[in-house]
Amino acid sequence: MVELIIEHWSNPDGSSHFLWSVWRDGKRVEMGRPTVDAQAAEQAGGQWCWRVLKSPPDRITRL
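Residues numbered from 1 in each chain as written. Predicted model: local features only at pLDDT ≥ 70, side-chain atom pairs only at ≥ 80, totals over all residues. Heavy atoms only, no water.

**Observations regarding the pattern of salt bridges**
Here is the rule: Salt bridge, as applied in this entry: a Lys or Arg side-chain nitrogen positioned within 4 Å of an Asp or Glu carboxyl oxygen. A run of DSSP states H or I qualifies as a helix once it reaches four residues; a run of E qualifies as a strand once it reaches two. Both are numbered from the N-terminal end. Exposure categories follow from relative accessible area, calculated using a 1.4 Å probe and restricted to protein chains: below 20% of the type maximum is buried, above 50% is exposed, and the middle band is partly exposed.
For the structure on display, the rule yields two salt bridges. A salt bridge links arginine 59 to glutamate 3, with the shortest nitrogen-to-oxygen separation between them at 3.5 Å. Taken together, the positions of arginine 59 in strand S4 (residues 59-62) and glutamate 3 in strand S1 (residues 2-10) put the pair 56 residues apart, joining distant regions of the chain. Glutamate 3 gets classed as buried once you look at its relative accessible area, which sits at 14%.

Here it is, written out as structure tokens:
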């Protein structure tokens, strides 16, 4: 199973960013750079899945 995880990080200065990572069978296989919003992170992670794994993620989890 391939899972795309979107993480929301809040920084001490009040700013925030979103990170994406792709996990296959419980092991992280890729992690992206910070993005400005959850939609951009999901899009970047989904594009990576299509480009590298040749399929969409089986599940998307937002933390």
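Alright, that's what it looks like, and here's the rest.
**Things to note about helix H1 (residues 38-53)**
Inclusion rule: To estimate the expected span of a helix, count its residues, drop one, and scale the result by 1.5 Å. This arc describes the spread of directions from the helix axis toward the C-beta atoms. Polar contacts, as used here, are pairs of N or O atoms within 3.5 Å; protein pairs need one atom able to donate a hydrogen and one able to accept it. Residues neighboring in sequence count only if both atoms are side-chain atoms.
Taking 1.5 Å per residue, 16 residues should reach 22 Å; H1 reaches 21 Å between its end C-alpha atoms and fits that length. Within H1, the full set of buried residues consists of Ala41, Gly45, Gly46, Trp48 and Cys49. Taken end-on, H1 shows its buried residues confined to a sector of 155°, consistent with a single buried face. In H1, the exposed positions angled more than 90 degrees off the buried face are occupied by Gln39, Trp50 and Arg51. The N-terminus of H1 is capped by aspartate 37, whose side-chain oxygen sits 3.3 Å from the backbone nitrogen of glutamine 39. Phi turns positive, to about 65°, at lysine 54, one or two residues after H1.

**Structural notes on the pairing of strand S3 (residues 27-31)**
Stated formally: Two strands qualify as a pair provided DSSP detects at least 2 bridges between them.
Summarising the sheet, strand S2 (residues 16-24) and S3 pair through four bridges and their orientation is antiparallel. Within S3, the residue paired with valine 22 across the bridge is glutamate 30. Counting the residues between successive antiparallel strands, the hairpin from S2 to S3 contains two residues, one of them, aspartate 25, with a positive phi of roughly 50°.

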